[in-house]
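Chain by chain, the residues:
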Amino acid sequence: MSRMSVAAFLSKAKSSLAQSLRSKGDTPAAFVIGNESADLDSITCAIVYGYVHSNTPAARKAGKYIIPVTNIPASELRLRPELTALLKHANLKPSDLVTLDDLGKIQDVLPPSTTSWTLVDHNVLQDALGEHFSASVTGVIDHHEDEGKVPEDAQPRIIEKTGSCSSHVANYCRETWEHVSSGASTSGAALGQGDGAIDDSAYTVTWDAHVAKLALGSILIDTINLGDSNKVTEHDKKAVKYLEAKINVSPQTSKTYDRNTFYQEINNAKSNLDELSLQDILGKDYKQWTEGDLRLGISSCVRSIEYLESKQENLVPGLIKFAKEHDLDIFAVMTAHNDGASFQRQLLLLAVKEGRAIDLTKKFADQFEQKLQLDHSTTKSEDSEALWLQLWEQKNLAASRKQVAPMLREAMR
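Everything numeric here is computed off the predicted structure, so don't read it as measured data.

Counting through the fold element by element, Arg409 comes out in helix H16 (residues 401-412). The buried category is assigned to Arg409, whose relative accessible area is 10%. When sequence neighbours within four positions are dropped, the list of residues in contact with Arg409 reads Glu147, Trp289, Glu291 and Leu296.

Bringing unusual backbone geometry into the picture now. With an omega of -5°, the peptide bond between Gln155 and Pro156 qualifies as cis. With a phi close to 55°, Ile224 is a non-glycine residue in the positive phi region. As for its placement among the helices and strands, Ile224 is situated in the loop between helix H8 (201-222) and helix H9 (234-248). On the basis of relative accessibility, which here comes to 34%, the residue Ile224 falls in the partly exposed class. One non-glycine residue, Asp327, lies in the positive phi region at around 55°.

For the pair helix H7 (residues 165-181) and H9, the least separation of the axes is 8 Å and the interaxial angle reads 35°. At the point where H7 passes H9, the crossing takes the left-handed sense. Together, Ser167, His168, Ala170, Asn171, Arg174, Trp177, Glu178 and Ser181 of H7 and His235, Asp236, Lys238, Ala239, Tyr242, Leu243 and Lys246 of H9 make up the contact between the two elements. Residues of the contact of H7 with H9, tallied by class, amount to five nonpolar, five polar and five charged.

Okay, the sheet that holds strand E6 (residues 157-159) next. Spatially, E3-E2-E1-E4-E5-E6 is the arrangement adopted by the six strands of the open sheet, whose pairing is parallel. The open sheet has two edge strands, strand E3 (98-99) and E6, and neither has a second partner. With respect to the sheet, helix H1 (residues 6-23) is in contact with strand E1 (29-33), strand E2 (66-70) and E3, its orientation differing from that of E2 by roughly 95°. Running at roughly 115° to strand E5 (residues 137-142), H7 makes contact with strand E4 (115-120), E5 and E6 of the sheet.

Moving on: the environment of Thr290. Take Thr290: it is sitting in strand E7 (residues 286-291). Distance from Thr290 to Arg409, taken between C-alpha atoms, is 8.5 Å for residues 119 residues apart in sequence.

The predicted coordinates ought not to be read in detail in places where the model reports low pLDDT. For the protein chain, the mean per-residue pLDDT works out to 90, and 92% of the residues sit at or above 70. Low pLDDT, under 50, characterises residues 185-193; the predicted model gives this stretch 18 contacts beyond four residues in sequence or across chains.

When two helices pack together, their arrangement is captured by the angle between the axes and the distance separating the axes. Viewed as axis vectors pointing N to C, helix H15 (residues 356-372) and H16 meet at an angle of 135°, and their least axial separation amounts to 9 Å. Between H15 and H16, the angle falls in the class oblique. For the crossing formed where H15 meets H16, the hand is right-handed. Along its contact with H15, which presents Arg356, Leu360, Lys363, Phe364, Gln367, Phe368, Lys371 and Leu372, the element H16 presents Val404, Met407, Leu408, Glu410, Ala411 and Met412. Counted by class, the contact of H15 with H16 contains nine nonpolar, one polar and four charged residues.

Of all nine residues making up strand E9 (residues 330-338), seven are buried, and the element is well covered by its neighbours. Sheet topology note: the strand E8 (residues 294-301)/E9 ladder contains six bridges and is parallel. Note on E9: the bridge partner recorded for Ser299 is Val333. Judged from the nine bridges that link them, E9 and strand E10 (residues 343-351) form a sheet pairing that is antiparallel. By the bridge assignment for E10, His337 is matched with Gln344.

This part covers the pattern of salt bridges. Here the structure, examined in full by the defined rule, presents 17 salt bridges. As a salt-bridge pair, Lys353 and Asp327 come within 2.9 Å of each other at their nearest N and O atoms. In this pair, Lys353 is assigned in the loop between E10 and H15 and Asp327 in the loop between helix H14 (315-325) and E9, connecting sequence segments 26 residues apart. Its relative accessible area of 42% is what places Asp327 among the partly exposed residues. By sharing partners, the salt bridges in this structure join Arg3, Glu178, Asp208 and Lys246 into a single network.

What follows covers the nonpolar core. Core analysis: the biggest nonpolar cluster contains 74 residues, and Ile106, Trp117 and Leu243 have the highest contact counts within it. Residues within four places of Ile106 in sequence aside, it is in contact with Leu21, Phe31, Trp117, Leu129 and Phe133. Within the second largest apolar cluster, 27 residues are counted, among which are Ile298, Ala365, Trp392 and Val404.

Helix length check: H1 (18 residues) gives 25 Å between terminal C-alpha atoms against 26 Å at 1.5 Å per residue, within 8%. Every buried residue belonging to H1 is among Val6, Ala7, Ala8, Phe9, Leu10, Ala13, Ser16, Leu17, Ser20, Leu21 and Ser23, and all of these are buried. Backbone geometry just downstream of H1 places Lys24 in the positive-phi region, at approximately 55°.

Inspection of the secondary structure assignment puts Val120 in strand E4. Between the alpha carbons of Val120 and Ile298 there is a distance of 19 Å; along the sequence they are 178 residues apart. The contacts of Val120, once residues within four sequence positions are left out, are Val32, Ile33, Gly34, Asn35, Ser42, Cys45, Ala46, Ile141, Cys165 and Val169.

Rules behind the numbers
In this convention, every chain numbers its residues from 1, walking through the sequence in written order. Note on the predicted model: pLDDT of at least 70 is required for a residue's local features to be given, and 80 or more for side-chain atom pairs to be given and counted; whole-chain, interface and lining totals, by contrast, use all residues. The side-chain quantities take in all heavy atoms of the structure and omit both hydrogens and water. The helix count covers DSSP runs of H or I at least four residues long, the strand count covers runs of E at least two residues long, and both are numbered beginning at the N terminus. Classification of residues uses two cut-offs on accessible area relative to the type maximum, computed with a 1.4 Å probe and protein chains only: under 20% is buried, over 50% is exposed, and between them is partly exposed. In what follows, residue pairs with any heavy atoms lying within 4.5 Å of each other are defined as contacts. Only the contacting stretch of a helix is used when fitting its axis, a line to C-alpha atoms as for every element, and angles between N-to-C directions run 0 to 180 degrees. Crossing handedness: left-handed means the near helix sits turned counterclockwise from the far one by under a right angle, and right-handed means the same turn made clockwise. All residues other than Ala, Val, Leu, Ile, Met, Phe, Trp, Tyr, Cys, Pro, Asp, Glu, Lys and Arg, Gly among them, are scored as polar; the first ten of these are nonpolar and the last four charged. For two strands to pair, DSSP has to find at least two bridges joining them. Confidence scores here are pLDDT values: one per residue, from the predictor, ranging 0 to 100. An angle below 35 degrees is read as roughly parallel, one above 145 as roughly antiparallel, one from 65 to 115 as roughly perpendicular, and any other as oblique. Whenever Lys or Arg places a side-chain nitrogen within 4 Å of a carboxyl oxygen from Asp or Glu, that contact is recorded as a salt bridge. As used in this record, nonpolar core signifies buried Ala, Val, Leu, Ile, Met, Phe, Trp, Tyr and Cys residues forming a set joined through side-chain atoms within 4.5 Å. Expected span of a helix, by definition, is 1.5 Å for each gap between consecutive residues, and there is one gap fewer than residues.

Rendered as structure tokens:
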């Protein structure tokens, strides 16, 4: 019935998942899962939500774990150096996470009625998991456009604009987290370094600080250290204040914590793509949608199109290769980067297949050019398979993939 570190929790969550799979549903399973791009925000949202709600006295007494799922195969974790950098602050490594590899062919093993799913950083369960378990979605915390797929009586059901979904998760978990933290004793033991189950506050305040750093890292990355006025909301400010209080109450973490230094460390890791290939970069932060008989994919990148061209001299064949491997009709690459003087965005849009895909990409351009403040920087057509390709400088810096994806999907409908 005692608390445990986040590392011990993830180990227990993996064991709980394995037990449910072995029992083929005789042991019910509860999951919290981020979106399929598995960016830093999605991953930490799931870990923080699962950790806090698995450490309540009732959950500990019943031995119930909410299993946080990182929504990619384990092999793709290497594409996220910022994740490795952040996990170190909680004494974690990428192999500690529960990934799609741990789930295996879960849809062939567990009946939907034996599972419950909470979605974080998205509000539609996609792909094979969505086909099998959508009816088992019981909760959502998100900051994207509400697609109306999660029932109105879901608990929680938070879908509201904020810079980072981790802000929503931290604020929602706050009351439960404080209840969990208040159960620790105060024996005055030395600073906790272990991972095992214990209720001594000398350990638990440090474990709380580790979890707080996970959420905080995502918020600072998503809001550019709270400096992006287009993104930052009161939800973000409130969450940062609370999480930093968690960090500062721990003698172990408060000694070395500095917000700017912490942000720069994670951001520098995120921006370092030098060891990745073009295909790796395109897949690093990628999401896709199906509208009718058309499939759209969007890759987000923290470096410019010119940087991508340095990875492959003729960029277009590389883009087409990625699009065809994902069976896309329309493929977009969105960059958000700092050229040393200012923050900039670019949007590259590619129609790979003939017919409606070309018409719809042109329709999108006509319909949203003014709203996105698209500047026709160049049209690239080096490859005959690129049936329609346009690159713009996007002057509306507030419009990230979160805003552009619904526009493209609207044009596709």
